[in-house]
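What the coordinates show
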Amino acid sequence: MRKVLIYGDSNSFGTAPTPRLEDECVHPPGVRWGDGLARALGGDWQVVIEGLPGRTAVLDDPVEGSYKNGLSVMPAIVFSHRPIDIMVICLGTNDQKARFGLGAEDVALGLARLARETLATGVVGQVLLIAPPPLQERGDFALMFAGAEARGAGLAGHLARFAEAEGAAFLDAGAVISVDPLDGIH
């Protein structure tokens, strides 16, 4: 059996569009996009979903906690699931929070670093980097992501270039899906 590990944030975890920060709206089992991938791949593949709401690619979050840093916890996760044929990295949304102030190129560089260090573990065969769909500043998340629409412009293009340089595959999620206008991130 071959293995896919989805390494993501709330969108991989299964968080549904959320009207208020304190709400915990989660899709029921079988509805997450990773569940759909598992059905499409069939029984020869095991799909493991490692989604953590608030996870960043390479940043310690001073508000939500350093354990949200995808780079620092990645080795523990990949070695606990080894061997991994394909690791799908679906991050970059939380890196666009106003508290970090990063532009699209820096978000993409962080994701490329995560891909490079993931491949360097020697237990992951291939990495697929997925650029998140463009964010919208909406609802209770508008202040948290203030400026993200402008700062995130061009993220997919930068990530495509850096993914190729790292030997990773690339997918632009924004070409096939969009965020829900209820919260602008899910």
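For the structure given in this document, a descriptive report is provided here. Because the structure is predicted, anything quoted here is derived from the model rather than measured. (Residues numbered from 1 in each chain as written. Predicted model: local features only at pLDDT ≥ 70, side-chain atom pairs only at ≥ 80, totals over all residues. Heavy atoms only, no water.)

A look at the packing of aromatic side chains
Counted under the stated rule, the structure contains one aromatic pair. Ring geometry for Phe141 versus Phe145: centroids 6.5 Å apart, planes at 50°, classification tilted. Given a relative accessible area of 10%, Phe141 falls into the buried group. Looking at Phe145, the relative accessible area reads 2%, which means it is buried. (Phe/Tyr/Trp six-rings, centres within 6.5 Å; stacked < 30°, edge-to-face > 60°. Buried < 20%, exposed > 50% of the residue type's maximum accessible area, 1.4 Å probe, protein only.)

Here's the deal with the pattern of salt bridges
Summed over the entire model, instances satisfying the criterion amount to 13 salt bridges. The partner of Lys97 in a salt bridge is Glu64, and the shortest N-O contact between them spans 2.4 Å. Taken together, the residues span a long stretch of sequence, with Lys97 in the loop between strand 3 (84-90) and helix 4 (104-120) and Glu64 in the loop between strand 2 (45-51) and helix 3 (70-81) at a distance of 33 residues. Given a relative accessible area of 1%, Lys97 falls into the buried group. In this structure Glu64 comes out as partly exposed when scored by relative accessible area, which is 25%. A salt bridge links Glu64 to Arg99, with the shortest nitrogen-to-oxygen separation between them at 3.5 Å. Of this pair, Glu64 sits in the loop between strand 2 and helix 3 while Arg99 is found in the loop between strand 3 and helix 4, placing the two residues 35 residues apart along the sequence. Exposure remark for Arg99: the relative accessible area of 33% places this residue in the partly exposed category. (Salt bridge = Lys/Arg side-chain N within 4 Å of Asp/Glu carboxyl O. Helix = DSSP H or I, 4+ residues; strand = E, 2+ residues; numbered from the N terminus.)

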